[in-house]
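Single-letter residue listing:
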Amino acid sequence: MHPYANHSNSGILSYSIGTDYIVVKFNTGGIYTYSYKNAGADHVERMKDLAQRGRGLNTYISKFVKDLYD
């Protein structure tokens with residue numbers, strides 16, 4: 001997993017990106033996979049972008065895909 005750049009302020013510690021999914025590890029210990037199948041390609045691709053930028057991922061998850069994990 002790659003460390004999330006803004007982890008001290010966001011609640012996200014790290015992430016891992018695959019072709020059609022992203023895995024997010026939260027500071028609460030939870031690890032969630034968001035895939036094209038459940039979250040949709042547009043959401044997953046946006047999450048990948050935010051993860052790599054190190055900003056906005058937790059807010060995006062809270063607003064758009066909170067319960068759409070695998």
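The text that follows walks through the structure, step by step, so that each part is easy to find. (Residues numbered from 1 in each chain as written. Predicted model: local features only at pLDDT ≥ 70, side-chain atom pairs only at ≥ 80, totals over all residues. Heavy atoms only, no water.)

Section: the pairing of strand E2 (residues 12-17)
- Pairing geometry for strand E1 (residues 2-3) and E2, over 2 bridges, is antiparallel. Bridged to histidine 2 within E2 is tyrosine 15.
- Two strands pair when backbone bridges link them, and E2 and strand E3 (residues 21-26) are joined in this way by 5 bridges, in the antiparallel orientation. Its bridge partner being in E3, tyrosine 15 is matched across the sheet by valine 24.
- Counting the residues that bridge the hairpin from E2 to E3 gives 3 residues. (Pairing = 2+ DSSP bridges. Helix = DSSP H or I, 4+ residues; strand = E, 2+ residues; numbered from the N terminus.)

Topic: the pattern of salt bridges
- Enumeration according to the criterion identifies 3 salt bridges in this entry.
- Of the charged contacts in the structure, one is a salt bridge between lysine 48 and glutamate 45, with a shortest N-O distance of 3.0 Å. One end of the pair is lysine 48 and the other is glutamate 45, both in helix H3 (residues 41-53) and 3 residues apart, which spans about a single turn.
- Judged by relative accessible area, which is 9%, lysine 48 ranks as buried.
- By relative accessible area, glutamate 45 is classed as partly exposed at 36%.
- Arginine 53 is the partner of aspartate 49 in a salt bridge, and the nearest nitrogen-oxygen pair spans 2.9 Å. (Salt bridge = Lys/Arg side-chain N within 4 Å of Asp/Glu carboxyl O. Buried < 20%, exposed > 50% of the residue type's maximum accessible area, 1.4 Å probe, protein only.)

A closer look at the nonpolar core
- One finds Ile12, Ile22, Val24, Tyr34, Met47, Leu57 and Ile61 to be the most contacted residues of the largest nonpolar core, which totals 16 residues.
- Elements supplying a minimum of two residues to this core: E2, E3, H3 and helix H4 (57-65).
- Not counting residues up to four positions away in its chain, the partners in contact with isoleucine 22 are Tyr15, Ser16, Ile17, Tyr32, Thr33, Tyr34, Val44, Met47, Lys48 and Ala51. (Core = buried A, V, L, I, M, F, W, Y, C linked by side-chain atoms within 4.5 Å. Contact = heavy atoms within 4.5 Å.)

Worth remembering: the numbers are spatial, not functional.
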